[in-house]
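An overview of the molecular structure
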Amino acid sequence: MTDRLVEANRHYAEAFTDPGMDARPVLHVAVVACMDARLDLHKALGLQLGDCHTIRNAGGVVTDDVIRSLTISQRKLGTRSIVLIHHTGCGLESLTEDFRNELEMEVGQRPAWAVESFRDVDQDVRQSMQRVRTSPFLLYKDDVRGFVFDVRTGLLREVDPA
Ligand SMILES: [Zn+2]
């Protein structure tokens with residue numbers, strides 16, 4: 001399967017010209033989103049090459065590693081706004097923290113990370129917003145907005161931060 005991707009890259013590179021861009025995102029935005037395959041962030045948000053940072057993981061959860069990326073994004077690469085995107089039908093809704101026990105049983109070692117499973121997607125977005133707002137490492141926390149992407153309609157719905 002990877003060979004197919006590498007082949008596609010050859011075609012991509014044939015038509016590629018050096019955009020001569022700075023690494024600093026043009027829109028000064030960092031987007032944190034779930035890794036879900038149904039969410040095409042650039043298309044869904046009208047983003048172009050160079051516009052923003054995209055930070056993705058299972059759930060679009062604000063973990064320590066996301067804070068690491070956001071800190072570098074803000075302090076070294078000039079972003080000032082944060083957009084958090086979770087979505088309907090997320091795989092984390094069908095998991096529980098029990099997954100860690102299953103792993104421990106199978107491989108004999110308990111992962112240090114939390115599964116970050118959830119039942120209420122709005123509440124999970126609020127928790128992520130809260131983690132951003134309480135981080136001592138981030139410089140800009142005034143423009144932090146959270147959304148739920150509907151995988152059936154393609155629409156974003158904003159989550160009230162309260
Ligand atoms: Zn998801």
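Residues numbered from 1 in each chain as written. Predicted model: local features only at pLDDT ≥ 70, side-chain atom pairs only at ≥ 80, totals over all residues. Heavy atoms only, no water.

1. Concerning the overall build of the protein
If you tally the helices and strands in the protein, you get 5 helices and 5 strands. Moving toward the C terminus, one meets the helices and strands of the protein in the order α-β-α-β-α-β-α-α-β-β. Here the protein, with 162 residues, has 35% of them falling under the buried criterion. Excluding contacts between residues fewer than 6 apart, the proportion of contacts in the protein whose partners are at least 24 apart in sequence is 64%. Carbon and sulfur atoms form 53% of the exposed surface of the protein, whose accessible area is close to 10,300 Å². When the 20 basic and 25 acidic side-chain charges of the protein are each reduced to a single mean position, those positions are 4 Å apart. (Helix = DSSP H or I, 4+ residues; strand = E, 2+ residues; numbered from the N terminus. Buried < 20%, exposed > 50% of the residue type's maximum accessible area, 1.4 Å probe, protein only. Contact = heavy atoms within 4.5 Å. Areas by Shrake-Rupley, 256 points an atom, 1.4 Å probe, with all protein chains shown as cover. Lys, Arg positive; Asp, Glu negative; His and termini not counted. Charge placed at Lys NZ, Arg CZ, Asp CG, Glu CD.)

2. Side note on a nonpolar patch on the surface
Taken together, Tyr-12, Phe-16, Met-21 and Leu-49 make up a surface patch of nonpolar side chains, about 430 Å² in accessible area. Within the fold, Met-21 resides in the loop between α1 (2-14) and β1 (29-34). Here Met-21 falls in the partly exposed class, since its relative accessible area comes to 42%. (Patch = residues over 30% accessible without salt bridge, like charges linked within 9 Å, V, L, I, M, F, W, Y side chains within 5 Å. Salt bridge = Lys/Arg side-chain N within 4 Å of Asp/Glu carboxyl O.)

3. Observations concerning the sheet that holds strand β3 (residues 81-87)
Strand order in the open sheet formed by 5 strands is β2-β1-β3-β4-β5, with mixed pairing between adjacent strands. Bordering the open sheet on either side are β2 (52-57) and β5 (156-159), each of which pairs with just one other strand. Averaged over all adjacent pairs, the angle separating strand axes in this sheet is 25 degrees, with direction ignored. The sheet contact formed by β1 and β3 spans 5 bridges and is parallel. Considered in β3, the bridge of Ala-33 is made with Ile-85. Against the sheet, helix α3 (residues 64-77) touches β1, β2 and β3, its axis set at about 170 degrees to β2. (Pairing = 2+ DSSP bridges. Axes fitted to C-alpha atoms, helices over the stretch in contact; angles between N-to-C directions.)

4. Digging into the pattern of salt bridges
What the rule picks out here adds up to 7 salt bridges. For Arg-68, the salt bridge is made with Asp-65, and the minimal N-O distance between the two is 2.6 Å. Separated by 3 residues within a single helix, Arg-68 and Asp-65 lie in helix α3, roughly one turn from each other. The exposure class assigned to Asp-65 is partly exposed, which follows from its relative accessible area of 44%. Between Arg-131 and Glu-116 there is a salt bridge; the shortest N-O distance is 3.2 Å. Within this pair, whereas Arg-131 is found in helix α5 (residues 121-133), its partner Glu-116 is found in the loop between α4 (98-107) and α5, the two being separated by 15 residues in sequence.

5. Points about the nonpolar core
Side chains of a nonpolar character, in soluble globular proteins, are inclined to be buried together. If you look at the biggest cluster of nonpolar residues, it comprises 23 residues, and the most contacted ones within it are Leu-70, Ile-82, Leu-84 and Val-132. Within the residue set of this core, elements represented by two or more residues are β1, α3, β3, α5 and β4 (144-149). With residues up to four places along the chain from it excluded, the contact list for Leu-70 reads Ala-30, Val-32, Ile-55, Ile-82, Val-132 and Leu-138. Residues Val-29, Val-31, Leu-39 and Val-83 belong to the second largest nonpolar core, which totals 11 residues. (Core = buried A, V, L, I, M, F, W, Y, C linked by side-chain atoms within 4.5 Å.)

Everything listed here is a matter of geometry and, on its own, says nothing about what the molecule does.
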